[in-house]
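# Overview (structure and organization)
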Amino acid sequence: MRTLPFAVVAPSLVAALLLGCGASAPTPAAPEPSTSMRAAAAQPMQPEYDAPEGEGHASPAHEKAEDAAPGASPAAPEAAAPAPPAAPPPAAVASAPSSRAALTSKPEARRAQAGGAPAPKKAPPQPVAAAPRPAPAPVAVAAPEPQGSETYRDYGVNPVEDPAKDRLSTFAIDVDTASYAIARRKILEGALPPYQAVRAEEFLNYFDYGYASPATGPFAVHLAAAPSPFTVGHHLVRVAVQGKRVPVKDRTPVHLVYLVDTSGSMQSPDKIELAKKSLRMLTESLKPGDTVALCTYAGSVREVLAPTGLESKGKILAAIADLTAGGSTAMASGIDLAYNLAERTLVKGHVNRVVVLSDGDANVGPTSHDEILKTIKRARDKGITLSTIGFGQGNYKDLMMEQLANQGDGNYAYIDSEAQARRVFSEQVGGMLQVIARDVKIQVEFDPDLVKTYRLIGYENRNVADRDFRNDKVDAGEIGAGHSVTALYDVELKPSALRGGATPVVVRLRHKAPLGSNAAEETVVRMAPGAIAPTFDAAPADLRFASAVAGFSEILRHSPHARSWRLSDVEKIARGAASSKGDQQEFIGVVRRAGALAGGRTDAVVAKAAD
C-alpha cells in the first residue's frame with residue numbers, strides 16, 4: 001500500500017498533538033513535492049504482460065496441491081500493482097494540493113472530505129491587536145472501503161520439451177469452462193482478470209467448434225496443424241476430441257442432489273437469485289424417471305426436499321423458490337448431507353450426481369479441506385460424482401470450486417448471467433447429465449525425427465506421468481454427451497515434417513466405459529500427412545479460431561512464451577475465423593475490450609466497434 005511521505009503528513013500530525021495538549025496549532029506551510037512524489041505522479045502504468053517470477057514451468061498438480069495451504073492463493077496482479085494511497089487528513093490536502101492531486105483521484109478526495117470532520121465555523125472578529133486564532137485541523141478521515149478477497153491458484157506454464165529427450169505428452173481430459181466465464185465477466189465490467197485465474201484449457205473448451213460426431217464409439221479425434229500466426233517458424237497442432245451426442249429420449253436416468261450455499265455471502269442478486277434461476281432451468285431439462293433432492297448449508301445444514309421424482313416437478317420448483325440466504329457457512333456438513341441424500345437414490349447404471357452451487361466462500365468448520373476432498377473421493381468411488389457451479393465476485397473462491405469438481409469427477413462452470421445459466425443448464429446440459437466415458441487420458445507422441453520442440457498450451461493442473469497412461473488406477477477426467485475437448489501444441493517442425501507422407505504426431509486415448517467394468521480401452525489415431533496446412537489462412541476455420549482463443553489466454557496469463565504477442569492480432573484472427581455462433585462473436589468483443597483496458601483506453605471499445 002503506498003503511503004504519503006512524512007513531509008506531507010507531519011504538519012497535520014503535529015497540529016493534532018498540539019490540539020490534544022490544549023495548544024494552538026500552527027498553520028503548516030505547503031511543502032514542495034519531493035522527487036519521489038513527482039516520479040510517482042509521472043509513473044506510467046505497469047507493463048501489461050510482465051511475467052511473474054517463477055513462470056515458464058509447471059509443477060505436477062499433485063505437488064501443487066500438497067505444497068499449497070488450503071484456501072491459499074498467490075497474490076493477484078491487482079494486489080501487486082500500486083494501491084491508492086491512504087487519504088491524509090484534510091488539513092494536509094488543503095496545504096499541499098499539488099501533492100494530493102498527484103496521488104489521489106477526485107472521487108477518493110471527495111470521500112476523504114465527506115468522511116472528515118465538518119469545517120470549523122469562522123472565528124468571531126478579534127481586536128486588531130490580537131493575533132487571529134487558527135482554525136483547528138480536522139483529524140478524522142474516511143474509513144477504508146472494504147476489500148474483497150478472491151482465491152486462485154497459479155499452476156504455471158508448461159515448458160518447451162525436446163522430443164529427443166521426452167517424446168510423450170500425457171494429460172487428463174478437462175471439460176471445465178469456469179475460467180473463461182470469470183475472465184469475461186471481469187473484462188466486460190472494466191478490469192483485466194488476475195493472471196492466476198486464467199487456465200488456457202478452460203478458455204479453449206468454452207467454445208463449440210462444431211467438430212464432427214463419431215461414426216462409432218464414444219468419441220472422434222480430429223487432428224490438424226498450421227503455421228503459427230504468433231511465432232515465425234512455429235506451427236500450432238490441434239488435438240480435438242468430440243464426444244457422441246445422445247438424444248434426450250435415450251439418456252440414462254439421473255438422480256441429482258442440489259446442494260445450495262445459502263450463507264450470508266450469497267445474498268446478492270447475482271448469487272442466490274441467479275442460482276435459483278439456474279436450478280429451475282436444470283429441473284426443466286430433466287425427464288420422467290429422474291429425481292431431485294435439495295439441501296442447503298449456512299450456519300447449519302437443512303434438508304429442504306427429500307428425493308422427489310419429476311412427476312412432482314411443481315413441488316421441486318416450489319422448494320427452489322423458497323430458498324433464501326443468510327448466516328455463516330459450513331460446507332463440510334452440507335456435503336455430508338448431500339451424499340446421504342444421494343445414497344438414497346443410488347441406482348447401478350444410473351447417473352448419480354451432487355451439484356454444488358456456491359461462491360466457494362466456505363468455512364468448513366470442524367472438517368479440514370483435505371477431509372472434504374477425501375469424502376468426495378470416497379463417494380466418487382461408490383458412483384456418486386460431484387459438479388460445482390460458481391456465482392458472484394469479490395470474495396469468490398475459484399480454487400475451492402475447481403478442486404471439488406476435479407476430485408468429484410464432475411464439471412466446473414461459472415454463472416455470471418441468466419444467458420450463461422441457459423447455456424450451461426439448458427443448451428449444453430447433456431454433458432452434465434450423461435457420461436459417455438470415464439478416466440479419459442490423452443497421450444500425444446512427437447516423432448523426434450520430424451519435431452524439434454513442442455509445448456502443450458494449458459492443462460498444467462491435468463498433467464499425468466507418462467508411465468501412468470496405462471495405469472488404470474490413476475484417476476482422470478470424464479466426457480459427457482456432446483462434450484468436446486481441444487488441446488493446442490506450439491511446435492517447431494523440422495523441414496522433413498513438411499514433405500509429403502510425414503506423420504509427426506500420434507495420439508492415443510485411453511478410457512473406461514461409463515458403467516460396469518474398470519478395464520480401459522485404448523484408441524490410436526495418427527495425423528494424416530495432409531492435416532498440416534501450408535499457410536495459417538488455409539487452415540480450417542475451427543483451428544484458426546482456437547488459435548485466437550489460445551493466444552488470448554496466453555497473453556492474459558502472462559505466459560513468457562507470449563511476450564511479443566498482441567491482443568490486436570488475436571482480435572484480427574478471431575474476426576477472420578469466427579462463425580456466426582453467439583459465443584464466438586461475443587469473444588471478438590471481449591478481446592477488443594481487453595485491449596482497450598490494457599492500454600488504459602476504455603473509449604477505444606466504442607471507437608473500434610465500427611471497424
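Let us look at the structure shown here. (Residues numbered from 1 in each chain as written. Predicted model: local features only at pLDDT ≥ 70, side-chain atom pairs only at ≥ 80, totals over all residues. Heavy atoms only, no water.)

### Examining the pattern of salt bridges
Side chains that differ in charge, positive against negative, can pair when their charged atoms come close. Counting across every chain of the model gives 39 salt bridges. Among the salt bridges present, the one from Glu-402 reaches Arg-199, with a minimum N-O distance of 3.8 Å. On the criterion of sequence distance, the pair formed by Glu-402 in helix H14 (residues 398-407) and Arg-199 in the loop between helix H8 (178-188) and helix H9 (200-204) is long-range, its members being 203 residues apart. The buried category is assigned to Arg-199, whose relative accessible area is 4%. With a closest N to O distance of 3.0 Å, Glu-478 and Arg-353 form a salt bridge. Taken together, the residues span a long stretch of sequence, with Glu-478 in strand S12 (residues 477-480) and Arg-353 in strand S7 (residues 351-358) at a distance of 125 residues. Of the two residues, Glu-478 and Arg-353, neither departs from the other in class, the shared state being buried. When salt bridges that share partners are traced, they join Arg-455, Glu-460, Asp-490, Glu-554 and Arg-557 into one network. (Salt bridge = Lys/Arg side-chain N within 4 Å of Asp/Glu carboxyl O. Helix = DSSP H or I, 4+ residues; strand = E, 2+ residues; numbered from the N terminus. Buried < 20%, exposed > 50% of the residue type's maximum accessible area, 1.4 Å probe, protein only.)

### Quick word on H14
Counted residue by residue, H14 has eight buried out of ten residues, so it is predominantly covered. Along H14, the residues that are buried comprise Asp-398, Leu-399, Met-400, Met-401, Glu-402, Gln-403, Leu-404 and Ala-405. Looking one or two places after H14, you find Asp-409, whose phi comes out positive at around 55°.

### Concerning empty space enclosed by the protein
All chains considered together, the criterion is met by three cavities of 30 Å³ or more. The computed volume of the largest cavity comes to approximately 100 Å³. Considering the residues around the largest cavity, the lining is formed by 14 residues, among which Tyr-155, Gly-156, Val-198, Arg-199 and Arg-557 are closest to the centre. Partitioning the lining of the largest cavity into residue classes produces four nonpolar, three polar and seven charged. Around the second largest cavity, the lining comprises 13 residues; the ones closest to its centre are Ile-173, Gly-410, Arg-462, Gly-477 and Glu-478. For the lining of the second largest cavity, the secondary structure elements donating two or more residues are H14 and S12. Here the lining of the second largest cavity is composed, by residue class, of four nonpolar, four polar and five charged. (1 Å grid on protein atoms, 1.4 Å probe; cavity = no way out; pocket = protein on both sides within 12 Å on 5 of 7 lines; lining within 4 Å. Points joined across faces, edges and corners; volume = space filled by probe spheres on them. Nonpolar A, V, L, I, M, F, W, Y, C, P; charged D, E, K, R; others polar.)

### Here we look at the pairing of strand S2 (residues 219-227)
Of all nine residues making up S2, eight are buried, and the element is well covered by its neighbours. Alignment of S2 against strand S3 (residues 235-243), held across nine bridges, turns out to be antiparallel. From the neighbouring strand, Ala-224 faces S3, where its bridge partner is Arg-238. (Pairing = 2+ DSSP bridges.)

### What to know about the sheet that holds strand S13 (residues 484-493)
In space, the four strands of this open sheet follow the order S2-S3-S13-S11, with antiparallel pairing throughout. The open sheet has two edge strands, S2 and strand S11 (451-457), and neither has a second partner. Averaged over all pairs of adjacent strands, the angle between strand axes in this sheet comes to 20°, irrespective of strand direction. Lying over the sheet, helix H17 (residues 541-556) contacts S2, S3, S11 and S13, oriented at roughly 80° with respect to S13. (Axes fitted to C-alpha atoms, helices over the stretch in contact; angles between N-to-C directions. Contact = heavy atoms within 4.5 Å.)

### Focus on the sheet that holds strand S5 (residues 291-297)
In space, the six strands of this open sheet follow the order S6-S5-S4-S7-S8-S9, with mixed pairing throughout. Either end of the sheet is taken by a strand with one partner, and the two such strands are strand S6 (301-309) and strand S9 (412-415). Direction aside, neighbouring strands of the sheet carry axes that sit 20° apart on average. Where strand S4 (residues 254-261) lies against S7, seven bridges are found, and the strand directions are parallel. Each residue of the ladder has a partner; that of Tyr-258, found in S7, is Val-355. With respect to the sheet, helix H11 (residues 313-321) is in contact with S4, S5 and S6, its orientation differing from that of S6 by roughly 160°. Set on the sheet, H14 makes contact with S7, strand S8 (384-391) and S9; between it and S8 the angle comes to about 160°.

### Examining the environment of His-234
Residue position: His-234 is located in the loop between S2 and S3. Given the relative accessible area of 18%, His-234 is considered buried. Each C-alpha atom, one on His-234 and one on Glu-492, is 4.8 Å from the other, the two residues being 258 residues apart in sequence. Excluding residues within four positions of it along the chain, His-234 makes contact with Pro-227, Ser-228, Asp-490, Val-491 and Glu-492. At 2.9 Å, the side chain of His-234 and the side chain of Asp-490 are in polar contact. (Polar contact = N/O pair within 3.5 Å; in protein donor to acceptor, adjacent residues only side chain to side chain.)

### Overview of the side chain of Thr-385
Looking at the element boundaries, Thr-385 is found in strand S8. Overall, Thr-385 belongs to the buried group, its relative accessible area being 12%. Excluding anything up to four places from it in sequence, Thr-385 contacts Asn-352, Arg-353, Val-354, Gly-408, Asp-409 and Glu-478.

### Topic: the side chain of Gln-434
Relative to the helices and strands, Gln-434 is located in the loop between helix H16 (430-433) and strand S10 (435-446). Note on Gln-434: relative accessible area 10%, which makes it buried. Only 2.7 Å separates the side chain of Gln-434 from the backbone nitrogen of Thr-252, close enough to count as a polar contact. Once residues within four sequence positions are removed from consideration, Gln-434 is found in contact with Val-246, Asp-250, Arg-251, Thr-252, Ile-479, Gly-480 and Ala-481.

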